[in-house]
Amino acid sequence: MNSEKFIIIIVFLLAFLTGVNFVVFPALGTAFTDPSLFGLSPSQFGNLFIPQVICIILSCLGAPFLVNQWGPKRVLTIGIVLMLVSTGALWAMHYFVGVKSSLFSLLMVLVAFTGTGFGLAITTLNPLAASLFEKENSSAILILQFLVGLGTSTSPLMMNLIGDVKNWRYVPAGIFVAVSIVFILFLFLKIEKGKFFRLPDHFRIPAKLWVFFAVIILYGCIEGTFGSFGGIILRDKGLDNNKASLGLSLFWGGIALNRLLFGILAKRYDLSFFFLISPLCVAVVLGFLLVDPGIHVLLLIMFLIGFFMGSIFPGSIGWGTVEFPAYSVVVSGFLMAANQIGTGAATNVLGYFSNQISVILEILTAFMLLICMLFFYLKRDSRIKDAF
């Protein structure tokens, strides 16, 4: 039961299911805004995710200190339990959809539970995966993040499979059962509090780690822009709704494919230079969006933007883990929080500037060029070749 292979399988299954659980609320957007069900207004639905972002940031920042105090298994257990409580309570709400007056407040609480649980779980899972592959830290984190991303695409797919929106309750019910089964198996595992989870007695965040933090905030702005407003950008370029949705799918597909390939190939090849110039590649591809290419070229551009972006975030966590082994869990927590700050800022700010697409794209191009310069600054006297 406690063989290394079994532990690896359970840890990576938890990563996938954490991704599935994380997007259950966005996936149920049609049910939440359906007048015959929850009846939320579009603004209420948007505000629903404010506590989620705040709770993810706080839990990601707090998780390293909790793991140092209590160990990874206990913190991961708390995170999964919070997500299970949220998903289980969401399923139970199908009995009360007629009582619309209090549903929004309850949903806000459940979203906060999901955000806190996700932050605690994913911050702990990153260094846990790295600790299981001590000579392939970055590859392990890239594969783990690929599975998290694969999970986030599964909840919307489940919503499509159930057909009628009035059957929405089967989505949280299915997720609750799947997470519960893997969680029960996880409880039987013996996970030691190894070096990856201990903090130095005299805690001081290295200056270079703050540079990684700034890089991921900038990265989060780009991911948040295309993740939330990619469809709007494509419609502004002349695509219809179906093609815009396809473009958004290609963006996320490119991210997932890059992480999978990077995680596999980094074991055999030195991919450090490709990692360093990937922000430059994104900047070049973004430049083509400033002109008006044809429909098929636009779709290819969306895929390439996602593809070249794919390794930047998990790769930075992996690189930081190798660079600062005494702060592995802090690297995970800080960079997860930085990503949420960037995506949250983009999601909440860009709505006011959606009619200035060209200016937004120029700013994002500048962000990517800045990330590339910061990467080459971090490369000096670094252990990047050990990471990739």
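Residues numbered from 1 in each chain as written. Predicted model: local features only at pLDDT ≥ 70, side-chain atom pairs only at ≥ 80, totals over all residues. Heavy atoms only, no water.

Colleague: Give a detailed account of the side chain of glutamine 145, specifying residues and quantitative values.
Modeller: Residue placement: glutamine 145 occurs in helix α8 (residues 137–152). A relative accessible area of 5% places glutamine 145 in the buried class. The contact partners of glutamine 145, leaving out residues within four places of it in the chain, are Ile122, Asn126, Arg259, Phe313, Pro314 and Met336. (Helix = DSSP H or I, 4+ residues; strand = E, 2+ residues; numbered from the N terminus. Buried < 20%, exposed > 50% of the residue type's maximum accessible area, 1.4 Å probe, protein only. Contact = heavy atoms within 4.5 Å.)

Colleague: Help me get a handle on the packing of aromatic side chains, residues and values and all.
Modeller: Under the definition given, this model contains 14 aromatic pairs. Their ring planes at 45 degrees and their centres at 6.2 Å tell us that phenylalanine 274 and phenylalanine 308 sit as a pair that is tilted. Residue phenylalanine 274 is found in helix α13 (residues 272–289), and its partner phenylalanine 308 is found in helix α14 (residues 295–309); the two are separated by 34 residues along the sequence. You can call phenylalanine 308 buried: its relative accessible area is 16%. Clustering of aromatic rings is evident, with ring pairs tying together Phe212, Phe275, Trp319, Phe324 and Phe375. The residue whose ring lies beneath lysine 73 is phenylalanine 186, and the NZ or CZ to ring-centre distance is 5.9 Å. Over the ring of tyrosine 170 we find arginine 169; its NZ or CZ atom is 4.8 Å from the centre of that ring. (Phe/Tyr/Trp six-rings, centres within 6.5 Å; stacked < 30°, edge-to-face > 60°. Lys NZ or Arg CZ within 6 Å of the ring centre and 35° of its normal.)

Colleague: I'd like a description of the packing of helix α1 (residues 4–22) against helix α6 (residues 72–92), backed by residues and values.
Modeller: Where α1 contacts α6, the two axes come as close as 11 Å, and the packing angle between them is 35 degrees. Here α1 and α6 pass one another in a crossing that is left-handed. Contact residues: α1 offers Leu14, Thr18 and Asn21, while α6 offers Leu76, Ile80, Met83 and Thr87. Its residues assigned to classes, the contact of α1 with α6 comprises 4 nonpolar, 3 polar and no charged. (Axes fitted to C-alpha atoms, helices over the stretch in contact; angles between N-to-C directions. Left-handed = near helix turned anticlockwise from the far one by under 90°. Nonpolar A, V, L, I, M, F, W, Y, C, P; charged D, E, K, R; others polar.)

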